[in-house]
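Structure at a glance
For reference, the chains in residue letters:
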Amino acid sequence: MPISSDVSLGKDVQIYQPELVNLYGCTIAAETKIGAFVEIQKKASSTRVRRRASIGSNATIMAGVTIGEAALVGAGAVVTTDVADYAIVAGVPARVIGDVRKRLSNLPKARLDYA
């Protein structure tokens, strides 16, 4: 069973593919979303993932690191230090490559005047 009996899940936690997740002896806060291929081991140091942050597949987050609000961690990244709010990080080790707010401001505006 990939989710052990000593795991505490907060309200409205979503685990999209529980058969592809390994959770042992940890606490998952309310409204957290956990994707495939996530493993959280028993007695790991406190690691925080702030609201609206996204972590790509196969990323490794070292114990004790904080992922900032709305930050984006690229797939396969190895995060060894805290990630600032809105930062985009990628690589091994992960380095800042952008800012989510700047990327969003460059997207084309939606057209609401349909013909």
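So, here is what we can say about the structure in this document. Everything numeric in this text was worked out from a predicted model, so none of it was measured.

1. Here's the deal with the overall build of the chain
A count of helices and strands for the chain gives one helix and 14 strands. Each of the three principal axes of the chain carries a C-alpha extent, and together these read 55 × 35 × 20 Å. Looking at the chain residue by residue over its 115 residues, the buried ones come to 23%. Sequence separation of at least 24 residues holds for 2% of the intrachain contacts in the chain that already meet a minimum separation of 6. As displayed, the chain offers around 8200 Å² of accessible surface, 53% of which is attributable to carbon and sulfur atoms. Averaging the locations of the 14 positively and 10 negatively charged side chains of the chain gives two centres separated by 5 Å.

2. Here we look at the side chain of Thr66
Along the polypeptide, Thr66 turns up in strand β10 (residues 66-67). Exposure remark for Thr66: the relative accessible area of 19% places this residue in the buried category. Sequence-distant contacts of Thr66, defined by excluding residues within four places in its chain, comprise Arg48, Arg50, Asp82 and Val83.

3. Some details on the pairing of strand β14 (residues 95-99)
Looking at chain direction, strand β13 (residues 87-90) and β14 are connected through four bridges and run antiparallel. Paired with Ala87 across the bridge in β14 is Asp99.

4. Quick look at the nonpolar core
By size, the foremost hydrophobic cluster in this structure holds ten residues: Val65, Ile67, Ala71, Val73, Ala77, Val79, Val83, Ala87, Val89 and Ala94. Discounting chain neighbours no more than four positions away, the residues touching Ala94 are Ala77, Val78, Val79 and Val89. In terms of nonpolar packing, the next biggest core, distinct from the first, is built from nine residues, Val7, Val21, Ile28 and Ile34 among them.

Here is what the cut-offs are and how they apply
- Residues numbered from 1 in each chain as written.
- Predicted model: local features only at pLDDT ≥ 70, side-chain atom pairs only at ≥ 80, totals over all residues.
- Heavy atoms only, no water.
- Helix = DSSP H or I, 4+ residues; strand = E, 2+ residues; numbered from the N terminus.
- Buried < 20%, exposed > 50% of the residue type's maximum accessible area, 1.4 Å probe, protein only.
- Contact = heavy atoms within 4.5 Å.
- Areas by Shrake-Rupley, 256 points an atom, 1.4 Å probe, with all protein chains shown as cover.
- Lys, Arg positive; Asp, Glu negative; His and termini not counted.
- Charge placed at Lys NZ, Arg CZ, Asp CG, Glu CD.
- Pairing = 2+ DSSP bridges.
- Core = buried A, V, L, I, M, F, W, Y, C linked by side-chain atoms within 4.5 Å.

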